[in-house]
Each structure stands twice: as C-alpha cells, then as structure tokens.
Amino acid sequence: MATYVALRARLAARTLSARTFSTSLRLLNDSEHVPKPPRPIDDSTSALDYKTVHRARPPPLPAMDLPRSRSAEEAVTNILYNTPPPSLQPFKKHILNCLVQNEPGVLSRVSGILAGRGFNIDSLVVCRTEIRDLSRMCIVLRGQDGVVEQARRQLEDLVPVWAVLDYTATNCIQRELLLAKVSILGPDYVEDQYHGGPTHEPRRKIEREVNLVHQFERSGHTQASPEQDTTSSLAPLTPTELLRLRNEHLRSIHVLAEQFGARLVDVSENSVIVEMSGKTSKVEAFLALLKPYGLLESARTGLMAMPRSPFKKPDDAEDVAEAGGAVDMSLLPPG
C-alpha cells in the first residue's frame, strides 16, 4: 500500500513539472512576439568618446604670409590703436563637411561658432544620412586658409560633432539644385504679373474709363510740350496674339533648358517652372540666361559635395618585375 501511494505521488509530481515547463515555454514564445520599443539613440557623448580614442596630433596651422615692412609712422599708429597687421592671404571659397550627431540644437551651435568668427555662410545643406544617428552638413564659406582651419578645429571640438573635413583641395562631385519660375508672356508683362497673385495673371488695363483718361492726358501733354516723353500702357493682346506669344516663349525656354540639361516640371497658363542640377557656376549662368525671359521666382538648395573614389592604376614596378622574371626553359624552342 505504501509503495502504491509513493508511485502515485511520483507520477503527480512529473505531471506538474511537465505542465509548468509547457506553460513557461508558452510564456517565452509569447514574449518573443511582443513589440519592443526601438533601440535608444546614442547621445552626443558617443562622438566625444570616438574623438578621444582616435585623437591624433593635428598638423600645424598654415603659415601666414608676413606683411610688408612698415614705416615708423605706421608702427606708432599700430601701437596706439592696438591693431594687428592684416594678413596677406587671399580670401577663397572653402567647403566644410561636418558629420554630427542627429539631435536638436547642433545646427545652432555650429552656426554660432562660425558667426562668432565673422564668417558669412554662403550655403548650408543639412540632412540625415543612411545612419539614423548621424547627419551630414555641407557648409560653403569664404575666408583665409589659416582662419578657416582654426574655425574647423573649433567645430571639431564640439561634443555632438564627430568630424569636420575640408573638401577645398579635394577632387569632389559638386551639385546644386535650382527651381526657377519663368514667365511665358515675355519681360514686358513681368511687372504686371507680380501684382497678379499666386497665379501670376497680368492686371487688366483695358477698362474704358481709364483708357479715355489716358488718351485725354496724352493729347493735352502733346499740345503743350511735344518734346516731353510720355509713357503709355501696353495695348491689350487678342487671343490669337496671346497664344502665339506663349508658344514662342515656351519653345525658347524649352530649347534653353535642354542645352543645360534641365527639364520643365510644371506648365501653367502664364508661367513655367524649370528644374536644373549642376555646379554653382552652371546654375548662375543658367539663371543669367533666364532673366531676359522674365524670371518670377527662384529657389536654390545650396552646394552638396562628395569626394570621388580614387582610381587604382596598375603599378609599373609589377609590370617590370613580370617582364624580367625567370623564364621557363621548357617553353623555349629547341636549339
């Protein structure tokens, strides 16, 4: 009897342990399917740790050109007003590429340092990269080499900044996007289209009373002083003339856009929008050629730069070594 009771107690314990194990497995499987929050974004101290580990001794600053020899009068004036001698280095365009932490407030800190040093930012492009926690800034400014290098090192010392690269002397691909709205009525109607609102519809100047008043004033001025220059409003166009004028200007703008690799992205009743991508000099040249047609609006993204990948050339030493290597005697002809 005691053996029977012990056997039943052992079977009950096994059954209870199996149920507990299956329940724990079910809870573990359910916990795997529960949605989890995304990984926390690394804070700006990660950039500081990276720079601490990879910090190397920076190269010396570019040598500043010595000013010319001064006279006694200039030296006394300099001492009295405590003005340092000006540098003779030329001002040129610099392209700075900043890799920063993707967090609020980084742009204001970077622009604040450049503004404190007296730099005027020509263009600034900021966007998130393929890495969620990393953003890229492309800054274009003008200044001397030594002053820009000092500003670059000061930017690199900021906590949320990973690295600051100077692409001025690097072989890069540079592009800028332009959107320009051009009138297809001609430059004579641009001033009238500015008052037409978002549709850029020219004002109507064919009211009967206004024309009568203008004709009366012109006739009176002509009799009083024939040499006086009088300005008359544009005569209203007939529908046929308006259609012909629009088609001519639209065809000319389309031909000009094709020469620069641009395209028309919007065509309305009185204007078109042209999109073009290219270097800064190409964009400025395209804008200069669009102005005679009647440029209503323009928007530019700013310069974006990316360095070219180096092209690996065959080593001449390897070719010489292969040419002067050992010769297999079995491959030579007999004799």
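Calculation rules
Residues numbered from 1 in each chain as written. Predicted model: local features only at pLDDT ≥ 70, side-chain atom pairs only at ≥ 80, totals over all residues. Heavy atoms only, no water. Pairing = 2+ DSSP bridges. Helix = DSSP H or I, 4+ residues; strand = E, 2+ residues; numbered from the N terminus. Axes fitted to C-alpha atoms, helices over the stretch in contact; angles between N-to-C directions. Contact = heavy atoms within 4.5 Å. Polar contact = N/O pair within 3.5 Å; in protein donor to acceptor, adjacent residues only side chain to side chain. Salt bridge = Lys/Arg side-chain N within 4 Å of Asp/Glu carboxyl O. Buried < 20%, exposed > 50% of the residue type's maximum accessible area, 1.4 Å probe, protein only. pLDDT = per-residue confidence, 0-100. Phe/Tyr/Trp six-rings, centres within 6.5 Å; stacked < 30°, edge-to-face > 60°. Parallel < 35°, antiparallel > 145°, perpendicular 65-115°, else oblique. Left-handed = near helix turned anticlockwise from the far one by under 90°. Nonpolar A, V, L, I, M, F, W, Y, C, P; charged D, E, K, R; others polar.

Further remarks concern the sheet that holds strand β2 (residues 121-128). Backbone-to-backbone hydrogen bonds pair the strands of a sheet. The strands run either parallel or antiparallel. A sheet is described by the order of its strands in space; here 4 strands give the open sequence β2-β3-β1-β4, paired in antiparallel fashion. Looking at the sheet topology across the chains shown, the edges are occupied by β2 and β4 (161-166). Neighbouring strand axes in the sheet, compared pairwise and without regard to direction, differ in orientation by 15 degrees on average. In this sheet, β4 lies alongside strand β1 (residues 92-101) in antiparallel orientation, the contact comprising 5 bridges. Following the sheet pairing, Leu-99 is matched in β4 by Ala-163. Lying over the sheet, helix α4 (residues 106-116) contacts β1, β2 and β3 (134-143), oriented at roughly 15 degrees with respect to β3. Contacts between helix α5 (residues 145-156) and the sheet are confined to β1, β3 and β4, with β4 contributing the most and set at about 165 degrees to the helix.

Turning our attention to the side chain of Ser-123. Within the secondary structure, Ser-123 sits in strand β2. For Ser-123, the side chain forms a polar contact with the main-chain nitrogen of Leu-303, separated by 3.5 Å. Setting aside its immediate chain neighbours within four residues, Ser-123 contacts Cys-138, Ile-139, Val-140, Gly-302 and Leu-303.

With the rule as written, the count across this model stands at 10 salt bridges. The residue Glu-149 makes a salt bridge to Arg-152 at a minimum N-O spacing of 3.0 Å. Residue Glu-149 and its partner Arg-152 are located together in helix α5, separated by 3 residues, close to a single helical turn. Residue classification places Glu-149 among the buried positions, given a relative accessible area of 15%. By relative accessible area, Arg-152 is classed as buried at 13%. In this structure, Arg-153 and Glu-149 form a salt bridge, with 3.0 Å as the shortest nitrogen-oxygen distance. Placement of the pair is Arg-153 and Glu-149 together in helix α5, with a separation of 4 residues, close to one helical turn. One salt-bridge network, held together by shared partners, links Glu-149, Arg-152, Arg-153 and Glu-156.

Below, the discussion takes up the confidence of the model for the chain. Scored by pLDDT, the chain has a mean of 76; 62% of the residues are at 70 or more. Mean pLDDT across the elements of the chain bottoms out in helix α10 (residues 316-323) (53) and peaks in strand β7 (residues 271-278) (94).

In the sheet, strand β5 (residues 172-183) pairs with β7 via 8 bridges, with the strands oriented antiparallel. Across the sheet, residue Lys-181 finds its bridge partner in β7, namely Ile-273. Pairing between strand β6 (residues 263-267) and β7: 4 bridges, direction antiparallel. When the bridges of β7 are listed, Leu-264 appears paired with Val-274. In this structure, the hairpin formed by β6 and β7 is closed by a connection of 3 residues.

Turning our eyes to something else, we now look at the packing of aromatic side chains. Considering all chains together, one arrives at 1 aromatic pair under this definition. Relative to Phe-286, the ring of Phe-260 has its centre 5.1 Å away and its plane inclined at 50 degrees; by these criteria the two rings are tilted. You can see Phe-260 sitting in the loop between α8 (239-259) and β6 and its partner Phe-286 sitting in helix α9 (residues 280-294), a full 26 residues away along the chain. As far as the burial class goes, Phe-260 and Phe-286 line up, both buried.

Okay, the packing of α4 against α5 next. The packing of two helices is summarised by the inter-axis angle and the distance between the axes. Put simply, α4 and α5 touch, their axes get as near as 10 Å, and they point 150 degrees apart. Accordingly, the angle class assigned to the pair α4 and α5 is roughly antiparallel. Classified by chirality, the crossing of α5 by α4 is right-handed. Where α4 abuts α5, its residues Val-110, Ile-113 and Leu-114 lie against Ala-151, Gln-154 and Leu-155. A class-by-class count of the residues in the contact of α4 with α5 yields 5 nonpolar, 1 polar and no charged.

We now examine the packing of α8 against α9. Their axes nearest at 11 Å, the elements α8 and α9 cross at an angle of 175 degrees. With respect to α9, the element α8 is oriented roughly antiparallel. Note on element contacts: α9 touches α8 through Phe-286, Leu-289, Leu-290 and Tyr-293, opposite His-249, Ser-252, Ile-253, Leu-256 and Ala-257. Class assignment for the residues of the contact of α8 with α9 results in 7 nonpolar, 2 polar and no charged.

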